[in-house]
Amino acid sequence: MADQPALDMDIDVVTARVLLPLALPGAYDYAVPGDLEVCPGDFVRVPLGPREVTGVVWDALPQGVESRPVEREKLKAIVSRFDAPPLPDVVRQFVDWVAAYTLSPPGAVLRLAMRVPQALEPAPTIIGYRLSGEEPPRVTPQRQRVLEILRETGPQLARPAREISEMAGVGTSVVTGLAKTGALDRIEMPGERAFAEPDGDIQGPKLSAPQMSAARGLADHVGQGFAATLLDGVTGAGKTEVYFEAVAEALRQGKQVLVMLPEIALTPQLLKRFETRFGAPPAPWHSDLSQKERRRIWRGVAEGRAHVVVGARSALFLPYTDLGLIVVDEEHESAFKQEEGVIYNARDMAVARASLGDIPIVLASATPSLETVVNVQRGRYERLVLPERHGAARLPDVTAIDLRADAPDRGRWLSPSLVSATTETLAAGDQAMLFLNRRGYAPLTLCRTCGHRFECPNCDAWLVEHRFRRELQCHHCGTRVPTPHSCPECGAENSLAACGPGVERIAEEAVERFPDARLSVLSSDHLHGPEATQEAVGQITRQEVDLVVGTQVVAKGHNFPNLTLVGVVDADLGLTGGDLRAAERTYQLLHQVAGRAGRGQKPGRVFLQTYMPHHKVMQALVAGDRDRFLQQEAREREDAGMPPYGRLVSLILSAPELPQAMETARQMARAVPPADGVRVLGPAPAPIALLRGRHRVRFLIKATRDFQVQKYVRAWLAEVKLPNAVRLAVDVDPQSFL
Ligand code: ADP
Ligand code: ZN
C-alpha cells in the first residue's frame, strides 16, 4: 500500500450535494475538504462563481438516479460548515415535496426555510456585571449605591451595565469603574431573551359536552401519527378553546406546535389568549418582526426551545425539530395562498407537512372550503362538529334588504331600513358595524365634462380615491398621485365625480346620519400593523366606540360582546367577475362578518343590502343553511369538472411589451403535449392584462382529478425556452383568475 502513486488520492475525493437557496434547477456537487465532516442538513458556505453563498447539504439522490458527473478540475470545495443545528430530514423532504408540487425550483423553496441568515451565526452575547465579593479600594456615595442595589436585588445575578445604572440612578461609568477595581465581575451572558415554557397542565375553561368530545377527538390524535381533522363549528362555538386542548396534549408530550393564522392582524389577539390559557406567550412569526426577533425565534425553533409558534403562512417553513401538531385556523381563507415567488397554498402544504412528519393537523373553520368538505366526504379527513355558540350567545338573525325596493337616497349608500335599524341599535346603547369590503373613498373618479376615467398607468385598473390622504391610488401596484383639481384630458375645473362608495365614503355618510355616535373607521389604510389593529379592536371591546365602519380587517376573528347589529353595505360586491369561487368566497366572508353580531348576551341582527335577494348566497345566509349551499356548489363544480372535482394549473406569461408575451405564448401553444384527461385553454390576455407595467397572457390547464398534472406541465415546460424579457408564473391550484 505504501508505494501507491499519490495521484490515486484523487479517486477518494468526497463530494457532497449542496442545495442553494436560489431559483436554480438543481443542487450542485462540492468537494468536502479532508478536515471537514458534513452530514445531510448541515448549513455550509460554498463558492458560486465569484461569490460565496450559504447552502444546505442535501441528501444523496434517490436510488437509481445518477448524480451529474462533475469534472474533477471544476469541482470546488466547501469552504466551511456553520455551527448550527442541521435542517431536519423532514424539513428537507418537505422542501422537495413543495417544489415538486408547485413546480418550483427546490432552491426557491429552500429560500423560504432560510430567511434568517443571522440565525446560523453564534447567538449574540452581552456583558453583564455582578458582585465579586471584593471591596473596592475607594467607595464614593455613587459606588456605594450600586453595591447596595446589587446586594438587595440578588448578588448572584449578572445584569447589563445600563440596567444597573438605571436601578441605582448613576451613570454607567460608575458600574464599569467598579468592575475595573475588581469589585464587580464582568460576565458574558446570552443576548437573547429565553423562551418561557407554556404549561400544558394548566386547566382550561370547563368545556360543554360537545366541546369536550371534540377536544378529546383532537387530543387523542396527538402522538398517534398523521390525521387530518376538520373542526367545524359556527363562529363563537369555542373552536379555539377546543383546539387548545390538543395543543395542551402536545405540550404535555413535549412536542412543538404550529398554529397558522391567515392574517397577522389576528395574531396579537391569539397570543394574548394563548398566554392566558398556558401561562406563557407563544412565539409569533410574521412579516412585521424585527430581524433580532426573527433570529431568536428561528434558532429557538431549530433548537426546540420555542415550543409553540403562532404565525402566518411562512411559519410553515421554520426548522421545527420535533413538531407534534399543526392547527390551521380559518382554513378557508384565501390569504393562505402565497401569490408571488413560490406560489403555494399554505393550508394544503400544511397538510403535506403533517403527513411527511406523521403528525396530526386540525383545520378549523365556521365556513370550511369546499376542498376540505369534499375531503371529508371522501373519507380523507375526519370531521368534528360544534353545533352551537358557547353559552347564551345565539347566531344572529339575517335579513336581506332589496335595494331595488328599499333604495338609498341619491348619492347615498345606506337604505332607509338599515338607517333605522342602526338608529335603534345606537339608541339602545349597543354597538353597530357597517361593513364594506372596499378601501378608500371611491373606486372610480371620472370627469363629468369629457368622461375621462382615471386609470393606473402601469395596470389595467382604475385609481381609487383616498380622500383622507387626498390622493388617487392603484390597489394593484400602489401608484399614488395627488387628487387633481382639473381634468387632465379636457382641463375642466371642478368637474371630477367620485363614483361608487369605499369605506371612507360610508364613514362620511355615517357622520351625517348618526352625528352623536362615536365612530371608528377601520381599514388597512387606517391601521398600520397588528398592534394598531389590536388597539382599535380594544377600543371597540371597551365600548369607547359606538359605530364601526370597516373593511374585512374587522370582519374576522374578533369578539365584540356588545355589537348587536351588522349592516353589509354591498353584499353583491364579490359576486361579479368570473371567479370560480366567487359565490363560495362571498358566502364565507359575509358569514364571518355576520358572525360579529350577537356574540354576547344580547341577540344580534344582520342586514345584507343587495340587488340580488334571490341569489343562492343571500338565500343561504338568510336561511342559515350552509350545508345546502355547499351541496349546491359541489354539484355545480362537479358538473363543470372544476376543483375539487378536477384540477387546474394556470400559467401566466408576462413581458414589458405585449408582442413579446404573445409570441412566446404562441410558441408554447405549439408545444402542448397531447394527452387524455387534460385540456389546455388559451393563450388569452389575462383579465388584468397589464399589471405593474407588464403585459400578461395566460393559459389554463384543466385536468381530471387523477391526471398527473405536474408531470404533464413539467414535460411541456421542458420544451420551452423563455426569452429574457418574458417571465413565467406557474400557479398550481389557482385561487385568483385575474
Ligand atoms: P370560535 O373560535 O369557534 O369562534 P372561541 O373559541 O373564540 O370560538 O369562543 C368564543 C368565545 O366563547 C370566547 O370568548 C371563548 O373564550 C368563549 N368560550 C368558548 N367556550 C368556552 C367555555 N367552555 N367556557 C368558557 N368560555 C368559553
Ligand atoms: Zn397600478
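Look above for the structure.
Note that the coordinates shown come from a computational prediction; the quantities given were computed from them, not determined experimentally.

Rules used in this analysis
- Residues numbered from 1 in each chain as written.
- Chains lettered and ligands numbered in written order.
- Predicted model: local features only at pLDDT ≥ 70, side-chain atom pairs only at ≥ 80, totals over all residues.
- Heavy atoms only, no water.
- Helix = DSSP H or I, 4+ residues; strand = E, 2+ residues; numbered from the N terminus.
- Rg over C-alpha atoms; globule rule 2.2 N^0.38 Å.
- Buried < 20%, exposed > 50% of the residue type's maximum accessible area, 1.4 Å probe, protein only.
- Contact = heavy atoms within 4.5 Å.
- Areas by Shrake-Rupley, 256 points an atom, 1.4 Å probe, with all protein chains shown as cover.
- Lys, Arg positive; Asp, Glu negative; His and termini not counted.
- Charge placed at Lys NZ, Arg CZ, Asp CG, Glu CD.
- Expected span 1.5 Å × (residues − 1).
- Arc of directions from axis to C-beta.
- Donors = N, O, S within 2.8 Å, 3.2 Å for Na, K, Ca; no water.
- Tetrahedral: all angles 85-135°; square planar, octahedral: opposite > 155°, others 65-115°.
- Pairing = 2+ DSSP bridges.
- Phe/Tyr/Trp six-rings, centres within 6.5 Å; stacked < 30°, edge-to-face > 60°.
- Lys NZ or Arg CZ within 6 Å of the ring centre and 35° of its normal.
- Axes fitted to C-alpha atoms, helices over the stretch in contact; angles between N-to-C directions.
- Parallel < 35°, antiparallel > 145°, perpendicular 65-115°, else oblique.
- Nonpolar A, V, L, I, M, F, W, Y, C, P; charged D, E, K, R; others polar.
- Polar contact = N/O pair within 3.5 Å; in protein donor to acceptor, adjacent residues only side chain to side chain.
- Near = heavy atom within 4 Å.
- Salt bridge = Lys/Arg side-chain N within 4 Å of Asp/Glu carboxyl O.

## Re the overall build of the chain
Of the regular secondary structure elements, the chain holds 19 helices and 32 strands. The C-alpha atoms of the chain give a radius of gyration of 30 Å, which matches the 27 Å a tight globule of 738 residues would have. Among the 738 residues that make up the chain, the fraction classed as buried is 53%. For the chain, restricting intrachain contacts to residue pairs at least 6 apart in sequence, the fraction spanning at least 24 positions comes to 76%. Summed over its atoms, the accessible surface of the chain is roughly 34,000 Å², and 51% of this surface lies on carbon and sulfur atoms. Side chains of the chain give 85 positive and 90 negative charges; the mean places of these two sets differ by 3 Å.

## Let's talk about the environment of Gln592
Its location among the elements puts Gln592 in helix α15 (residues 582–594). Among the residues examined, Gln592 registers a relative accessible area of 1% and is labelled buried. Separated by 36 residues in the primary sequence, Gln592 and Lys556 have C-alpha atoms spaced 5.9 Å apart.

## Looking at helix α18 (residues 658–670)
With 13 residues, α18 ought to run about 18 Å at 1.5 Å a step, and its terminal C-alpha atoms sit 19 Å apart, in line with that. Buried residues of α18: Ala661, Met662, Thr664, Ala665 and Met668, and no others. Viewed end-on, α18 has its buried residues packed into an arc of 165 degrees, placing them on one side of the element. Looking at α18, the residues exposed on the side facing more than 90 degrees away from the buried face are Pro659 and Arg670. As for α18, its buried residues are in contact with β29 (646–655), β30 (678–691), β31 (694–704) and α19 (709–718).

## Regarding the coordination of the zinc ion (ligand 2)
In this structure, Cys456 (SG), Cys459 (SG), Cys474 (SG) and Cys477 (SG) serve as the protein donors to the zinc ion (ligand 2), at separations of 2.3 to 2.4 Å. For the zinc ion (ligand 2), the four donor atoms in the first shell make angles of 107 to 115 degrees at the metal, a pattern classed as tetrahedral. With relative accessibility at 3%, the residue Cys459 sits in the buried group.

## Points about the sheet that holds strand β2 (residues 28–31)
One open sheet accounts for five strands, arranged β2-β1-β4-β3-β5; its pairing is antiparallel. The open sheet has two free edges, formed respectively by β2 and β5 (80–81), since each of these has just one partner strand. The pairing of strand β3 (residues 43–48) with strand β4 (residues 51–57) spans six bridges and is antiparallel. Its bridge partner lying in β4, Val44 is registered against Gly55.

## Examining the packing of aromatic side chains
Geometrically, a pair of aromatic rings is defined through the distance of the ring centres and the angle of the planes. Within this structure, the stated rule accounts for 11 aromatic pairs. Between Phe274 and Phe278, the ring centres sit 4.6 Å apart and the planes meet at 40 degrees, which makes this aromatic pair tilted. Here Phe274 and its partner Phe278 are both found in helix α8 (residues 267–278), four residues apart, which amounts to about one turn of the helix. Taking relative accessible area as the criterion, Phe278 reaches 1% and is therefore assigned buried. One aromatic cluster is present, formed by Tyr243, Phe244, Phe274 and Phe278 through successive ring pairs. Its end group placed over the ring of Tyr441, Arg467 keeps NZ or CZ at 3.8 Å from the ring centre.

## Quick word on the packing of helix α16 (residues 616–623) against helix α17 (residues 626–640)
For the pair α16 and α17, interaxial distance at closest approach is 10 Å and the crossing angle is 155 degrees. Viewed along their axes, α16 and α17 adopt a mutual orientation that is roughly antiparallel. Counting all contacts with α16, which are made through Lys616, Val617 and Ala620, the residues of α17 involved are Phe629, Gln632, Glu633 and Glu636. Broken down by class, the residue content of the contact of α16 with α17 amounts to three nonpolar, one polar and three charged.

## Some words on the side chain of Thr564
Here Thr564 shows up in strand β27 (residues 563–568). At a separation of 3.4 Å, a polar atom in the side chain of Thr564 contacts the side chain of Asp430.

## Section: the site of ligand 1
Around ligand 1 sit 16 residues, and of these Gly236, Lys239, Thr240, Glu241 and Arg273 come closest. Backbone polar atom of Lys239 to an oxygen atom of ligand 1: 2.8 Å apart, as the coordinates give it. One nitrogen or oxygen atom from the side chain of Glu241 is found 2.8 Å from an oxygen atom belonging to ligand 1. For ligand 1, the protein covers 76% of the area, taking 550 Å² as the surface of the free molecule.

## Section: the environment of Asp625
Along the chain, the position of Asp625 falls in the loop between α16 and α17. Among the polar contacts listed, one links the side chain of Asp625 to the backbone nitrogen of Arg628, at a separation of 3.2 Å.

## Notes on the sheet that holds β29
Think of a sheet as strands paired side by side through backbone hydrogen bonds, with each pair either parallel or antiparallel. Ordered by their spatial adjacency, four strands build an open sheet running β30-β31-β29-β32, and the pairing between neighbours is antiparallel. Among the strands making up the open sheet, the edge pair consists of β30 and β32 (727–732). On average, adjacent strands in this sheet sit at an angle of 20 degrees to one another, irrespective of strand direction. In terms of strand pairing, β29 meets β32 through six bridges, oriented antiparallel. Bridged to Ile652 within β32 is Ala729. Here α18 sits on the sheet and contacts β29, β30 and β31; the angle it forms with β31, its principal contact strand, is near 25 degrees.

## A short note on the pattern of salt bridges
Throughout the structure, instances matching the rule amount to 44 salt bridges. Notably, a salt bridge pairs Glu471 with Arg480, separated by 3.5 Å at the nearest N-O pair. You can call Glu471 buried: its relative accessible area is 13%. Note that Glu633 and Lys616 form a salt bridge whose closest N and O atoms lie 2.6 Å from each other. You can see Glu633 sitting in helix α17 and its partner Lys616 sitting in helix α16, a full 17 residues away along the chain.

## Overview of the pairing of strand β19 (residues 431–435)
Counting buried positions along β19 yields five of five residues, so the element is predominantly enclosed. Summarising the sheet, β19 and β27 pair through five bridges and their orientation is parallel. Counterpart to Phe435 in the pairing with β27 is Val568. Where β19 lies against strand β26 (residues 547–550), four bridges are found, and the strand directions are parallel. Each residue of the ladder has a partner; that of Met433, found in β26, is Val548.

## Comments concerning the environment of Leu87
Its place among the elements puts Leu87 in the loop between β5 and α1 (89–102). When the C-alpha positions of Leu87 and Gly300 are compared, they lie 13 Å apart, and in sequence the two are 213 residues distant.

## Some details on unusual backbone geometry
In the segment running from Pro643 into Pro644, the intervening peptide bond is cis, with an omega of 5 degrees. Residue Pro683 follows Gly682 across a cis peptide bond; omega there is 5 degrees. If you trace the backbone, Pro683 turns up in strand β30. Unlike most non-glycine residues, Glu330 shows phi in positive territory, near 55 degrees. Exposure remark for Glu330: the relative accessible area of 12% places this residue in the buried category.

## Brief notes about the pairing of strand β1 (residues 15–19)
Across the five residues that make up β1, a large majority, four, are buried. By the bridge criterion, two bridges tie β1 to β4 in an arrangement that is antiparallel. Residue pairing in the sheet places Leu19 in a bridge with Val56 of β4.

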